[in-house]
Structure formats: C-alpha cells, structure tokens
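Next come the chains, spelled out residue by residue.
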Amino acid sequence: VQSTPRGGFTTQGEITGHHLKITRLDDGVRLLDGELKANVNNNRFTVERLYFPAQLRVEPKEWRTATWIREDDDAKNGSLLLDGYWDLEDSTGDFAVKLHRYPILQRADRYAMVTGDLQMKALLPQIALTGKITADAGWFNLDMLGGIPTVDGDVVIIRSTDPVKEPSAEDADPINMTLDIDVDLG
C-alpha cells in the first residue's frame, strides 16, 4: 500500500492462504481447509479463487439424511467456490459463489446440503443477492423449538397484496439489501 500526494493510496500485491477456517459452530457453519488466491491491484481487491472442500463433520439425527450422506457417493466431494472483486475506493463489488453438494449447515438437529449459484453485486449502500440453489439433503428438528415457530421482530413480511408505502428519510436503513433467491427444496 502506498500513499499518493493527494491523500489517496494505491495498492499492489498477491494474497494467498491455505488451511483457512470459517466457523460458527452454534449455527452449524463449518468452512474448513480453505484455499485463497487473491490480489490487490490499483485499489481493487480481486479474489481469483476462494475454495472450501466439503467436509462432513456432523451426522444428522434423522436416519434417511444420515444414511445418504454416509453411504451415497453422490453426497461426497462437494465444494464451495467464490470469485469476484471489491473496489476499495468506490465500495463496489461483484462476487459469484458456486456450491456443489456443500453442507452449508451441519448440526445434529439441523442439516442442509445445497447445490447452486449465488451472485452478490454491491454498490454501497445497495447490495443485491441473487441466485438459485437446490437442497440436496436437509433436515430440521422442529422439536427443539418447543412450540410454534415465529419470525424475529426485525423481519417484516410484505405481501404482494399489501399497499405500497413510500419510504421516508426516517425509514432509511444504512444498507439497502435485495434478495432474489430461488430455493428448490427437492
């Protein structure tokens, strides 16, 4: 990183990583043994390849899902592959994620393996996440909820039949996120 006379900066360099781990064990997220190949050039951070092989670490309690992931060859050799860029000056970016038989959630009481493609385009404060994923396997133990499931208070459901309300300056959020994801539950 080098500063410029006008107070900005320029960047140049390679970034690599091996044996990367991203975990949220309480949520069942385990991205293990990852590899990163990236570079920074003229204030653009480019991820050429961020790869995580699927590692089956938890066996779900539900017998059909457990049998499939343990015995079926089609449940093996999954992966998560990400590439894209982030412009450090303009706060814009574009990332693509390709999932193949990837166990995105791994807990004994909830398990989800998915295949599909996701795209994130950002021009801050706007972020758009689009794509299509298919659930290859999944199981959620609803007994743990102890009652009827509810939606958190910060989630607002808007039906197509609801009147359109124009947002005011008071309603403005720091990030404007849109999601258009097609989920095939199989």
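Our structure's up above, just so we're on the same page.
Residues numbered from 1 in each chain as written. Predicted model: local features only at pLDDT ≥ 70, side-chain atom pairs only at ≥ 80, totals over all residues. Heavy atoms only, no water.

Draft legend 1. Inspection of the overall build of the protein at higher detail. The helix and strand inventory of the protein stands at one helix and ten strands. Overall, the protein shows an N-to-C arrangement of helices and strands of β-β-β-β-β-α-β-β-β-β-β. Relative to a compact globule of 186 residues, whose C-alpha radius of gyration would be 16 Å, the protein shows 20 Å and is clearly more extended. Taking the principal axes of the C-alpha coordinates as reference, the protein spans close to 65 × 50 × 25 Å. Per-residue burial over the protein gives 30% buried out of 186 residues. A separation of at least 24 residues holds for 52% of the contacts in the protein among residues at least 6 apart in sequence. For the protein, the exposed surface amounts to about 12,900 Å²; the carbon and sulfur share of it is 53%. Of note, the protein has its 20 positive side-chain charges centred 5 Å away from the centre of its 31 negative side-chain charges. (Helix = DSSP H or I, 4+ residues; strand = E, 2+ residues; numbered from the N terminus. Rg over C-alpha atoms; globule rule 2.2 N^0.38 Å. Buried < 20%, exposed > 50% of the residue type's maximum accessible area, 1.4 Å probe, protein only. Contact = heavy atoms within 4.5 Å. Areas by Shrake-Rupley, 256 points an atom, 1.4 Å probe, with all protein chains shown as cover. Lys, Arg positive; Asp, Glu negative; His and termini not counted. Charge placed at Lys NZ, Arg CZ, Asp CG, Glu CD.)

Draft legend 2. Main features of the pairing of strand 6 (residues 79-87). Sheet topology note: the strand 5 (residues 44-53)/strand 6 ladder contains eight bridges and is antiparallel. By the bridge assignment for strand 6, Val 47 is matched with Gly 84. Pairing geometry for strand 6 and strand 7 (residues 92-107), over nine bridges, is antiparallel. Residue Leu 81 lies in a different strand from strand 7, and its bridge partner there is Lys 98. Between the end of strand 6 and the start of strand 7, which pair antiparallel, lie four residues, with Ser 91 showing a positive phi angle near 55 degrees. (Pairing = 2+ DSSP bridges.)

Draft legend 3. How the structure looks around the sheet that holds strand 6. Read from one edge to the other, the open sheet built from eight strands follows the order 3-4-5-6-7-8-9-10, with strand pairing classed as mixed. Looking at strand neighbours, the two that pair on one side only are strand 3 (12-24) and strand 10 (176-184), the edges of this open sheet. On average, each strand axis in the sheet is inclined to that of its neighbour by 15 degrees, with strand direction left out of account. Note that strand 7 and strand 8 (residues 110-123) share 13 bridges and pair antiparallel. (Axes fitted to C-alpha atoms, helices over the stretch in contact; angles between N-to-C directions.)

Draft legend 4. Fine view of the nonpolar core. In this structure, Leu 80 and Leu 99 are the most contacted members of the largest nonpolar core, which totals 18 residues. Among the elements of the structure, strand 4 (29-41), strand 5, strand 6, strand 7 and strand 8 are those that each provide at least two residues to this core. Broken down by element, the residue count for this core peaks at five residues, all from strand 7. For Leu 99, the residues in contact, after removing those within four places along its chain, are Ser 79, Leu 80, Val 114, Thr 115, Gly 116, Leu 118 and Ile 133. One finds Ile 69, Ala 75, Tyr 111 and Met 113 within the second-largest nonpolar core, a separate group that totals five residues. (Core = buried A, V, L, I, M, F, W, Y, C linked by side-chain atoms within 4.5 Å.)

Draft legend 5. The pairing of strand 8, seen in detail. Connecting strand 7 to the next strand, strand 8, in antiparallel fashion are two residues. The pairing of strand 8 with strand 9 (residues 126-140) spans 14 bridges and is antiparallel. Bridge pairing links Val 114 to Ala 135 in strand 9. Turn length for the strand 8-strand 9 hairpin, with the two strands adjacent in sequence and antiparallel, is two residues.

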